[in-house]
Amino acid sequence: MARVVVFDQFGGPDVLHIIDEPVPQPAAGEVRVRVEAFAVNPLDAMMRAGSSPAPVSLPGARLGVEGTGTIDAVGSGVTGVQPGDPIIITAVPDAAVNGSYAEYLTVPASRVIPRPAGLDVRQAAAIWVAYSTAYGALVEKAGMRPGDRVLVNAASGGVGRAAIQVANQVGAVPIAVTRNATKEAELLSFGAASVIATDREDLLEAVLDFTGGSGADIVLDLVNGPGQRELVTAARPDAVMVAAGFLDLRPTTPPEAPLTFHRYRGFEHTLDSAVVRRMAAFMEAGVRLGSLVPTVGTVLSMDDVAEAHRQLEAGTGAGKTVVVI
Ligand SMILES: NC(=O)c1ccc[n+]([C@@H]2O[C@H](COP(=O)([O-])OP(=O)(O)OC[C@H]3O[C@@H](n4cnc5c(N)ncnc54)[C@H](OP(=O)(O)O)[C@@H]3O)[C@@H](O)[C@H]2O)c1
C-alpha cells in the first residue's frame, strides 16, 4: 500500500489528510516514481483553499506539482530510464488527481529528468518549480541577456530567489524588491545587485536611481494585483514585463504602457520537451558551477503536511518548505 495526501473539502491546512491506497502500476510509456521528497508551492495552497483557476474535483483531491525520488518501475516501451535512477519530476499538470504529495506516482517517462549531481534530496525537491519558472519567464519568454536590468518582486520567495540566481548566471543585473527592509542583507548575499525595500523607499525613484534614469529592461511580476501598475512605471520604454505570480488576487488590468506584456504559466514550457531539455541543461550547469543553489527552509515529514502549508502561508521567505517521505 502507498500513502497519499488528499482533501475532501476546500479549506485551511487541516483539510489535508493521509490515506492508504494500492501502489499504482505504470502504464505503457510511464514510469513509477518512489517519491522521496516534495516541496510545497503557493499553487498547492490555492488548490486546497478552492481559489485556484484550475479545476479541482472533490472528494479525494490531491496536490503537488514537484518532487524528487527514484524510478521504481517502468511501463512497456520506456527507454532511457531504469529502476533505481534518481530523478526530478518536471511537470504535474494533473496534480489534483495525480499529485506528488504521495509515496508513489506514475507519470509519463518524458516528465522526469536525472537529478543533478550535487543536490541532496531536499534541494532536489525544491529546485524545479522555482528555477524552471524563473528560467522560463526570464530567458525563454523575456529573452534576458547579459547586462539587462531585471526588476523582480517577491524576491525573497522561492521563484524570486531563483530569478536572482538565474539572472546572475546569464550575466544580467537583478534588482530585488521586498516589502521588508530586514531582508536586504540576505537578498544581497543571495546575489541581488540592488535591493528595493518598499517599506523604506519609493520603488520608482529607487529603480531610476539604480538604472541611471532609464528604468528596468525586464520586469518579473510574481505578485500581480494593483501593485503591477507601479512596476510598469519603473520599466523603460519597450521593456518586457512577465506576469507570472498570483500572490495578490485582487483584480488588475494589463498595462497600457509601451512595453511587451506576457502572462506566464510554467506548463507552457515544462510540457515542451525541447524547452525542458534547455531548462535541465541550464540547471545542471548552474548546480555544477555553484551559481544555482536552492534554499531549503523547514523540512517536515508527511504526517506534518498541514504544518507545511501553514508555513507556506506564513510566507517567511526563509526558503522552500520541503516534505520528506
Ligand atoms: N507562472 C507559473 O508557472 C508559476 C510557477 C511557480 C510559482 N508561481 C507563482 O509565483 C508566485 C511566487 O511563488 P513563490 O513560490 O516564490 O512564492 P513564495 O515563496 O511563497 O513567496 C513568498 C514571498 O512573496 C512575497 N509576498 C507574499 N505575498 C505578497 C504580496 N501580497 N505582495 C507582495 N509580496 C508578497 C513575500 O516577500 P516579501 O515579504 O519579502 O515582500 C514572501 O516572502 C506565486 O503566486 C506562485 O503561485 C507561478
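Let me begin by describing the structure that accompanies this report. Keep in mind that what you see is a predicted model, and the values were worked out from it rather than measured.

So, the site of the ligand
Taken together, 22 residues form the shell around the ligand, and within it Ser156, Val159, Thr178, Phe246 and Gly266 come nearest. Here arginine 179 contributes a backbone N or O atom positioned 3.0 Å from an oxygen atom of the ligand. Between the ligand and tyrosine 264 there is a distance of 2.8 Å, counted from a nitrogen atom to a backbone nitrogen or oxygen. Protein contact buries 84% of the 930 Å² of open area that the ligand shows by itself. Those elements that provide at least two residues to the shell around the ligand are helix H3 (121-141) and helix H4 (158-170). Along the lines of polarity and charge, the residues of the shell around the ligand split into ten nonpolar, nine polar and three charged. In terms of domain composition, the shell around the ligand takes at least three residues from each of domain 1 (2-119 + 294-324) and domain 2 (132-267).

Some points on the side chain of glutamine 228
Relative to the assigned elements, glutamine 228 resides in helix H7 (residues 228-233). Given the relative accessible area of 2%, glutamine 228 is considered buried. Not counting residues up to four positions away in its chain, the partners in contact with glutamine 228 are Asp221, Met241, Ala243, Thr252, Thr253, Pro255 and Phe261.

What about the pairing of strand E6 (residues 104-108)?
Along E6, four of the five residues are buried, which leaves the element largely enclosed by surrounding structure. In this structure, strand E3 (residues 30-39) lies alongside E6, joined through five bridges in antiparallel fashion. If you follow arginine 32 over to E6, its bridge partner there is threonine 106.

Description of the pattern of salt bridges
Under the criterion given, the structure shown has 18 salt bridges. A salt bridge links arginine 62 to glutamate 21; the shortest N-O distance between them is 2.5 Å. Highlighted residues: arginine 62 in the loop between helix H1 (42-49) and strand E4 (68-74) and glutamate 21 in strand E2 (residues 17-21), separated in sequence by 41 residues. Assigned by exposure class, arginine 62 and glutamate 21 land together as buried. Glutamate 313 is paired through a salt bridge with arginine 48; the nearest N and O atoms lie 2.7 Å apart. Taken as a pair, glutamate 313 in helix H10 (residues 305-314) and arginine 48 in helix H1 lie far apart in primary sequence, 265 residues in all. With relative accessibility at 42%, the residue glutamate 313 sits in the partly exposed group.

Procedures and definitions
Residues numbered from 1 in each chain as written. Predicted model: local features only at pLDDT ≥ 70, side-chain atom pairs only at ≥ 80, totals over all residues. Heavy atoms only, no water. Near = heavy atom within 4 Å. Polar contact = N/O pair within 3.5 Å; in protein donor to acceptor, adjacent residues only side chain to side chain. Areas by Shrake-Rupley, 256 points an atom, 1.4 Å probe, with all protein chains shown as cover. Helix = DSSP H or I, 4+ residues; strand = E, 2+ residues; numbered from the N terminus. Nonpolar A, V, L, I, M, F, W, Y, C, P; charged D, E, K, R; others polar. Domains from an automatic or database assignment. Buried < 20%, exposed > 50% of the residue type's maximum accessible area, 1.4 Å probe, protein only. Contact = heavy atoms within 4.5 Å. Pairing = 2+ DSSP bridges. Salt bridge = Lys/Arg side-chain N within 4 Å of Asp/Glu carboxyl O.

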